[in-house]
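Reading the structure
Now for the letters of each chain:
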Amino acid sequence: MNRELQKKSFLNRILPWLKENLFNGVFNSIITIVLLFALYKIIPPFIKWAFVDSLWRSTAAACREGNGACWSVITANLRFIIFGFYPYDLQWRPLLAMILLVGLLLYSKNRNHWNKTLFYGWIAGLFFMGLLMKGGILGLAPVESDKWGGLPLTMMLAFFGMIAAYPLGVVLALGRRSKMPAIKTFSVLYIELIRGVPLISLLFMSSILFPLFLPEGLTINKIIRAQMAIILFTAAYIAEVVRGGLQAIAKGQYEAADSLGLSFPQKMRLIILPQALKIVIPPSVGILISAFKDTSLVVIIALYDLLKTSKSTLSNPDWMGYSPEVYLFVAAIYFISCFAMSNYSRKLEKELH
Amino acid sequence: MTNETTTDIHRDSQDKIIEITGLHKWFGELHVLQDINLTVYKGERIVICGPSGSGKSTLIRCINRLEEHQKGRIIVDGTELSNNIKNIEKIRAEVGMVFQHFNLFPHLSILENLTLGPIWVRKTPQKEAEETAMFYLEKVHIAEQALKYPGQLSGGQQQRVAIARSLCMKPKIMLFDEPTSALDPEMVKEVLDVMINLAEDGMTMLVVSHEMGFAKSVAHRVLFVDYGKIVEENTPHQFFDNPQHDRTKLFLSQILH
Ligand SMILES: Nc1ncnc2c1ncn2[C@@H]1O[C@H](COP(=O)(O)OP(=O)(O)OP(=O)(O)O)[C@@H](O)[C@H]1O
Ligand SMILES: [Mg+2]
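Residues numbered from 1 in each chain as written. Chains lettered and ligands numbered in written order. Predicted model: local features only at pLDDT ≥ 70, side-chain atom pairs only at ≥ 80, totals over all residues. Heavy atoms only, no water.

A few words on the overall build of chain B. For chain B, the helix and strand inventory stands at nine helices and 10 strands. Relative to a compact globule of 257 residues, whose C-alpha radius of gyration would be 18 Å, chain B shows 18 Å and is just as compact. Counting all 257 residues of chain B, 54% fall into the buried class. For chain B, the proportion of contacts with a sequence separation of at least 24, taken over those separated by at least 6, is 66%. About 11,500 Å² of surface is accessible on chain B, with carbon and sulfur atoms providing 49% of the total. Mean positive and mean negative side-chain charge positions of chain B (28 and 34 charges, respectively) differ by 5 Å. (Helix = DSSP H or I, 4+ residues; strand = E, 2+ residues; numbered from the N terminus. Rg over C-alpha atoms; globule rule 2.2 N^0.38 Å. Buried < 20%, exposed > 50% of the residue type's maximum accessible area, 1.4 Å probe, protein only. Contact = heavy atoms within 4.5 Å. Areas by Shrake-Rupley, 256 points an atom, 1.4 Å probe, with all protein chains shown as cover. Lys, Arg positive; Asp, Glu negative; His and termini not counted. Charge placed at Lys NZ, Arg CZ, Asp CG, Glu CD.)

Now for the site of ligand 1. Residues and elements named next belong to chain B. The immediate surroundings of ligand 1 are formed by Phe 27, Leu 30, Val 32, Pro 51, Ser 52, Gly 53, Ser 54, Gly 55, Lys 56, Ser 57, Thr 58 and Glu 178. Side-chain polar atom of Ser 52 to an oxygen atom of ligand 1: 2.7 Å apart, as the coordinates give it. Backbone polar atom of Gly 53 to an oxygen atom of ligand 1: 2.8 Å apart, as the coordinates give it. Elements supplying a minimum of two residues to the shell around ligand 1: strand 2 (30-41) and helix 1 (56-63). No other element matches the three residues that helix 1 contributes to the shell around ligand 1. Within the shell around ligand 1, the residues separate by chemical class into four nonpolar, six polar and two charged. (Near = heavy atom within 4 Å. Polar contact = N/O pair within 3.5 Å; in protein donor to acceptor, adjacent residues only side chain to side chain. Nonpolar A, V, L, I, M, F, W, Y, C, P; charged D, E, K, R; others polar.)

Attention now goes to the domain arrangement of chain A. All names here are of chain A. On domain assignment, one finds that chain A holds domain 1 (2-52), domain 2 (87-142) and domain 3 (149-315 + 322-351). A C-alpha centroid distance of 22 Å is found between domain 2 and domain 3. In this complex, domain 2 contributes 12 residues to the contact, which on the side of domain 3 involves nine residues. On the domain 2 side of the contact with domain 3, Met 98, Lys 109 and Arg 111 bury the most area, a combined 51% of that side's loss. At the junction of domain 2 with domain 3, the criterion picks out one salt bridge. Residue Arg 111 is joined to Glu 351 by a salt bridge in which the shortest nitrogen-to-oxygen separation is 3.2 Å. Counting the contacts that link domain 2 with domain 3 gives two residue pairs in polar contact (both at pLDDT 80 or more). When residues of the side of domain 2 that touches domain 3 are traced back to their parent elements, those giving at least two are helix 5 (92-108) and helix 6 (116-134). Sorting elements by how many residues they give to the side of domain 2 that touches domain 3 places helix 5 first, with six residues. (Domains from an automatic or database assignment. Buried area = accessible area lost by both parts, 1.4 Å probe. Salt bridge = Lys/Arg side-chain N within 4 Å of Asp/Glu carboxyl O.)

Written out as structure tokens, the structure is:
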């Protein structure tokens, strides 16, 4: 009796909702039915493949027998996918460095934690991460950077890319609005030139063209060159977004700051940028997210980032043919990172409002 | 207070605080200010009026270099305005400015709006800057709003905060550019009262305004500006009751209706 009542009231609530949201009108009803059918065709087989029939810790041979997903390709090659050619016995070092980085990032999410101590914490943390990766002192065996790869490399390129590109972009945006012709011209040329070429061509230039101009004997590490290309590229896009924010600030704000006698740097730092940067949080995060994904382009200059190490496992004859599993895994890692970033930007925007 | 207060002002040469001689300014082709000569003495209060577009704002904005002049000299508190950025910043710190649209900093609280200048320009310790800020907020009757943000206040309240923000810099001169013309009528009085108090404290003030009552009660001189020139200059009572020039008469007949 009671249960029947509950059932009835549940139906009473769900039916109007269905009618209002999914079946209001003939056209919408057709779309709903078609979509439901498509989902029915896609979802159950996917679940069967990915979970029910899947193998997680088997050999390659066992995978060939089954007809589900072969996640074993990931588990069996996990350490290569994550760490690339970093010496097997020393892989705890990049692991620790990554944990440190993620830990610092998570801690820094809370704006109440932003203070001098945290700043020094970051300096110390970054120094320690570099030490872990490179070694060479304190009894840590040295590992040359051409052995670095996988997730730590991707995280490094992305992290330093964003951290350095953002201030550079702000400076370029200010330069573009400068009254000094030389600075203005340089900023405009820089921004337009960089935005006129694809990142790939910048990466090629950094790896092939750039070394030709260096004096003989001087070489700059390949990772650093790729890193520079990413920073220079991202900064141009940040600059344009920040310029938009600066333009949105009323002239009266500049005048009020001037009339108090604030110097130009003070005016920018205390009055104009806090307001302008707040406005451009959403588009800036968009740019940072694409910069993060674009780090995967470094494969073309033969750096072993996460995407490249994952792909490499597929060239092992044993594991050939399991690309859906591998690419889904990589996509998941990228998705989690990007989702976290855009989530955080939304939170920050709300807090600053 | 009447025009007799004019006699309070010491018109010795060492008491000059603003000296403008042969000032010209162009906006492109437009000759906005044409041969302006004006000397302001310490403690003097001047009201500037004139038709829209005549150059009143431009004139007072030249005094703290929000606008650059092309010809003539402007000496403020003994320092000549030139391209020297240090001199400009020094003068700006001594000259407060109140705008028609308040121009408070929306991302800072009222208290932070007031302490920003003293802390960063005057290098006042934060605690002292906050005490000064609270003193002036009391003076403009708005101390209880100290922790709010500008967007939460009414226009009249915002303008009073703007005045207090300038006062926190302990300026020697205050410039007002139509401080009440963006306000609803019922808020005009609260702002004018604050300005009258300021006048009674002996502040040197240049006020662009058409508020005749205000001019009559505090001004030593009224200037009438038209087409970039100072057409007429007189004590407020003479100016309003017995204007000399035809253009002044025409203008007054328009604003008094
Ligand atoms: N930045 C500028 N660039 C070009 N022209 C300007 C600029 N600022 C003002 N002007 C022009 O200069 C003239 C004088 O302007 P100003 O603002 O000084 O007039 P005003 O007397 O204050 O008028 P109002 O009573 O409308 O405020 C006007 O014709 C105006 O259009
Ligand atoms: Mg004006």
